[in-house]
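Residue-level listing of the chains:
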Amino acid sequence: MATAYLIHINIMSTLPVIATATMGNLTGNILAYFLGQYGGKPIFKSINRFLGINDEDISKIKKWFDKYGSITNMVSRWIGITRTPAIWAAGLFRINFFSYTLFSFIGDLLWTIFWVLLFDKIQSNLNRFLNLRLEYKVLGILLIFSVFYMSWHWFLRAFRSKREKA
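Remember, predicted model here, so these are calculated numbers, not experimental data.

J.: Can you help me understand the overall build of the protein chain in this one?
T.: A tally of regular secondary structure across the protein chain gives eight helices and zero strands. In sequence order, the secondary structure elements of the protein chain are arranged as α-α-α-α-α-α-α-α. A total of 166 residues make up the protein chain; the buried ones form 32% of that total. Across the protein chain, every contact between residues at least 6 apart in sequence was considered, and the portion connecting residues at least 24 apart equals 81%. For the protein chain, the computed accessible surface area is about 10900 Å², with 70% contributed by carbon and sulfur atoms.

J.: Looking at this structure, how should I read the nonpolar core?
T.: The tendency in soluble globular proteins is for nonpolar side chains to be buried side by side. With 14 residues, the main nonpolar core has Phe65, Ala90, Phe93 and Tyr100 as its most contacted residues. Elements with a minimum of two residues in this core: helix H2 (14–48), helix H3 (55–68) and helix H5 (83–92). The biggest single contributor to this core is H5, with six residues. Leave out the neighbours within four places in its chain, and Phe93 touches Ile58, Ile61, Lys62 and Phe65.

J.: What is the right way to look at the side chain of Asn29 in this model?
T.: Secondary-structure assignment places Asn29 in helix H2. We classify Asn29 as buried; its relative accessible area is 2%. Each residue touching Asn29, except ones within four places of it in the same chain, is listed here: Arg77, Ile87, Tyr100, Ser104 and Asp108.

J.: I tried to follow the side chain of Gln37 on my own but got confused; where do I start?
T.: In this fold, Gln37 is placed in helix H2. Overall, the relative accessible area of 16% leaves Gln37 in the buried class. Among residues more than four places away in sequence, those in contact with Gln37 are Gly91, Leu92 and Arg94.

J.: When you look at the pattern of salt bridges in this model, what are you seeing that I'm missing?
T.: Opposite charge on two side chains makes pairing possible when the charged atoms of those side chains draw close. Under the counting rule described, the total for this entry stands at one salt bridge. Between Glu135 and Arg133 there is a salt bridge, with the nearest N and O atoms lying 2.9 Å from each other. By relative accessible area, which is 48% here, Glu135 ends up partly exposed. A relative accessible area of 52% places Arg133 in the exposed class.

Criteria and cut-off values
- Note that residues are indexed from 1 along each chain, following the sequence as it is written.
- Per-residue local features of the predicted model are confined to residues with pLDDT of at least 70, and side-chain atom pairs are confined, for both listing and counting, to 80 or more; whole-chain, interface and lining totals are unaffected and use all residues.
- Heavy atoms from the whole structure form the basis of all side-chain values; hydrogens and water molecules are not counted.
- Helical segments are the DSSP runs of H or I of at least four residues, strand segments are the runs of E of at least two, and each set is numbered from the N terminus.
- Relative accessibility under 20% of the residue-type maximum defines a buried residue, over 50% an exposed one, and the middle range a partly exposed one, all with a 1.4 Å probe and only protein chains included.
- Note on contacts: a residue pair qualifies if any of its non-hydrogen atoms lie within 4.5 Å across the two residues.
- Per-residue accessibility takes into account occlusion by the displayed protein chains alone, with areas from the Shrake-Rupley method and a 1.4 Å probe.
- The set of buried Ala, Val, Leu, Ile, Met, Phe, Trp, Tyr and Cys residues whose side-chain atoms join them within 4.5 Å is what this entry labels a nonpolar core.
- Should a side-chain nitrogen of Lys or Arg be within 4 Å of a carboxyl oxygen of Asp or Glu, the pair is scored as a salt bridge.

Now the structure itself:
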């Protein structure tokens, strides 16, 4: 959101922001890949206990990676729920690093373009939001957090129900 404002007032340019954010995301992905690869299951388990992912979920994710490979990471870049676990899992399951990096780059680039352009458009309407009464602002923020929270639990429930049927 801050970069959208800086783009809006011509302090920053859209293309350098997109390039920097994409490379920053890709760098984080590569670090997480190596964390998964060299840290292995103990680190993966300790991090994922906060996400509610268990051993059965991990083996289901492994099957998914075996079937769809690095394209899983590209698509996961666009889905907030799977974004972080997918990059750790790629290293844990030792997906081909070059393929992983290429598809992560494509996914990060598209994700960054979407969000930079979206926030650039939102920026022009930000004053409307800031001028709302406090109750409406709090309600809007609670609604956003509720959607994210319910989405995560819906995803886990759907993921686990498919596992139980298999």
